[in-house]
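The residues making up each chain are set out below.
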Amino acid sequence: MKKTYILDTNILLQAPHAITSFEDNDIVLPISVLEELDKHKNAEGEKGANARSVIRALDKYRLFGKLTEGIKLESGGTLRLQLNCSHVELPDTWDEEKSDNRILKICKHLNENGENAIIVTNDIILRIKADSIGLKAEEFTTDRSPEIEKQYKGRIKVWVSDKILNQFKKKKEINPKDTYLVDEDSEEFKKIIPDFVQNQFVILTSDSNPKKTMLGKYNGEAIVPLVYSNCTPFGVKPRNVGQVFMQEALMDNEIPLVIIKGAAGTAKTFYSLAVGLSKVMDSSPKEYRKILISRPNAEFDDDIGFLPGDEQSKISPLLRPIRDNLEILVDGNEEKRYEDEVILRDKIDELFDREIITAQALNFIRGRSLVKTWLIIDEAQNLTPKQAKGIITRAGKDTKVILLGDPAQIDNPLLDERTNGLSFASEKMKGSKLCYQITMKDDECERSLLAMDAAKRM
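Residues numbered from 1 in each chain as written. Predicted model: local features only at pLDDT ≥ 70, side-chain atom pairs only at ≥ 80, totals over all residues. Heavy atoms only, no water.

Asker: I tried to follow a positive patch on the surface on my own but got confused; where do I start?
Answerer: Where like charges cluster on the molecular surface, the positive patch consists of Arg-52, Arg-56, Lys-60 and Lys-386. With three residues, the single largest contributor to the positive patch is helix H3 (residues 45-61). As for its position among the elements, Lys-386 is in helix H13 (residues 385-392). Of the residues examined, Lys-386 reaches a relative accessible area of 45% and is grouped as partly exposed. (Patch = residues over 30% accessible without salt bridge, like charges linked within 9 Å, V, L, I, M, F, W, Y side chains within 5 Å. Areas by Shrake-Rupley, 256 points an atom, 1.4 Å probe, with all protein chains shown as cover. Salt bridge = Lys/Arg side-chain N within 4 Å of Asp/Glu carboxyl O. Lys, Arg positive; Asp, Glu negative; His and termini not counted. Charge placed at Lys NZ, Arg CZ, Asp CG, Glu CD. Helix = DSSP H or I, 4+ residues; strand = E, 2+ residues; numbered from the N terminus. Buried < 20%, exposed > 50% of the residue type's maximum accessible area, 1.4 Å probe, protein only.)

Asker: Looking at this structure, I do not really get the packing of aromatic side chains. What am I missing?
Answerer: Two measures describe an aromatic ring pair: the distance that separates the ring centres and the angle between the ring planes. Enumeration over the complete set of coordinates arrives at six aromatic pairs. Plain terms: the ring middles of Tyr-5 and Phe-22 are 4.7 Å apart, the flat faces sit at 35° to each other, and that makes the pair tilted. Of the two residues, Tyr-5 sits in strand E1 (residues 4-7) while Phe-22 sits in the loop between helix H1 (9-14) and strand E2 (26-30), which places them 17 residues apart along the sequence. Note on accessibility: Tyr-5 and Phe-22 belong to one class, buried. Between the aromatic rings of Phe-201 and Phe-245, the centroid separation amounts to 4.7 Å while the plane-to-plane angle is 15°, which identifies the pairing as stacked. Remark: Phe-245 occurs in helix H7 (residues 241-251) and Phe-201 occurs in strand E10 (residues 201-206); sequence separation between them is 44 residues. Taking the relative accessible area as the measure of exposure, Phe-201 reaches 0% and is therefore buried. According to the relative accessible area criterion, Phe-245 is buried, its value standing at 0%. Taken together, the aromatic side chains of Tyr-5, Phe-22 and Phe-140 make up a single cluster linked through ring pairs. One residue, Lys-129, lies across the ring of Trp-94, its end atom 4.9 Å from the ring centre. (Phe/Tyr/Trp six-rings, centres within 6.5 Å; stacked < 30°, edge-to-face > 60°. Lys NZ or Arg CZ within 6 Å of the ring centre and 35° of its normal.)

Asker: What's the story with the packing of H7 against helix H8 (residues 268-282) in this structure? I'm lost.
Answerer: Any two packed helices are characterised by how steeply their axes cross, that is the angle between the axes, and by the distance between the axes. Contact pair H7 / H8: the axes reach a minimum separation of 10 Å and the direction vectors enclose 40°. Here H7 is positioned oblique relative to H8, judged by the angle of their axes. For the element pair H7 and H8, the recorded crossing hand is right-handed. Seen from H7, the contacting residues are Gln-243, Met-246, Gln-247, Leu-250 and Met-251; seen from H8, they are Lys-268, Tyr-271, Ser-272, Val-275 and Lys-279. Split into classes, the residues belonging to the contact of H7 with H8 amount to five nonpolar, three polar and two charged. (Axes fitted to C-alpha atoms, helices over the stretch in contact; angles between N-to-C directions. Parallel < 35°, antiparallel > 145°, perpendicular 65-115°, else oblique. Left-handed = near helix turned anticlockwise from the far one by under 90°. Contact = heavy atoms within 4.5 Å. Nonpolar A, V, L, I, M, F, W, Y, C, P; charged D, E, K, R; others polar.)

Asker: Where do I start with the sheet that holds strand E3 (residues 71-72) in this structure?
Answerer: In any sheet, the strands associate via hydrogen bonds between backbone groups, in a parallel or an antiparallel arrangement. Spatial ordering of the open sheet is given by E3-E4-E2-E1-E5-E6, a layout of six strands whose pairing is mixed. Every other strand in the sheet has two partners, leaving E3 and strand E6 (136-138) as the edge strands with one partner each. Summarising the sheet, E2 and strand E4 (residues 78-82) pair through four bridges and their orientation is parallel. The residue bridging Leu-29 from the neighbouring strand is Leu-81, located in E4. (Pairing = 2+ DSSP bridges.)

Asker: Can you walk me through the nonpolar core in this structure?
Answerer: Where a protein is soluble and globular, its nonpolar side chains tend to be buried together. Ile-6, Leu-7, Leu-12, Ile-19 and Leu-79 are the most contacted members of the largest nonpolar core, which totals 42 residues. Per-element tally for this core: the top contributor is helix H4 (residues 99-112), with five residues. Setting aside anything within four residues of it in sequence, one finds Leu-7 in contact with Leu-12, Ala-18, Ile-19, Phe-22, Ile-27, Val-28, Leu-29, Pro-30, Val-33 and Val-120. Counting 41 residues, the second largest nonpolar core, distinct from the first, contains Val-244, Ala-249, Val-275 and Tyr-288. (Core = buried A, V, L, I, M, F, W, Y, C linked by side-chain atoms within 4.5 Å.)

See below:
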């Protein structure tokens, strides 16, 4: 049955292409949505750009007929502009001038006239209000990643015979068909051949001695040993399996994109800085020119503001977690590290003064072509999909891009665990020969016993 989708403003501000994403169904844009787009068209950054993109598209559609009467789309559906339905009644206490309620009136009117009308919005309150008066409302799912527990983790644990496992070090590879998973849903013991993903990390476990394991990775043809598991970049040693995989991903210069997801305290930022410092300072010649760091934040992503000071002084408060990690890296003596805070601070300041490490607002990174740079995007779960694409596609020759974050900790009010740029990039780059991914587990938290316990419980 053909449907009529009524699009809310937040859908178009997130995905300006949404008008063409509903196949041969009909699209309705309330006049209130046009008014809100007009309010956002001069906004800085992505929101304003998306508003202007939709407005330009509507101007082109206008050439094919009157929008209030509906025009034919290439998909087979129609697009029409719906004026206010002021005659439609809503509960007495609801403000009729509010944009959400004007959308509800239109939906109710269309349904009363025989259309199967559905509101498409990311606004939970609007969906709840629609449901309360018997109207249908849905989320926009076209650009959504799977639920967080179903997202790609970058690692897989498989079983293998003890004989093949013993031969692994000598032969340097294992045929994927010689490994198996166990069907836990079957009452009988049933083997399943794993479906490996390019650059996926593998935990090989002996089926006769579960405590006997080896680590490897899938190169597209076979499972091969890790190359960098015994390295100590900037004096740092991996403390768990996840960190071994993380180190492998970061150390490999042939793979220019690394996506690391995981809870706070799993050393995502710490390890990325450690390997970056090793690549910039300890290698001769330098493997990378410098470390460039940015963190998405609503305060400066689109406009660094009018407060006194230059860009660096404005974004410096957002780099405090970076400096916390550098305190540990620049002084490996845990017992005496904080005896002289001035010396410790000077060591860190020197890294920035010599531009070994630089920081930049995200909005300016997206406009550059970065060459031979170790680029760390911290808190990448607060990127939009468009921002994530913009950053990755700006990577120049010999640049490595590292996206770090926790999809369960979203600060951007327009994003969630399925629509953020980190999850989007993870799912889109899954299987790429140019990308490593690893999701750290809660029990791989190394910050403190309290941090580990909280990550598990909370």
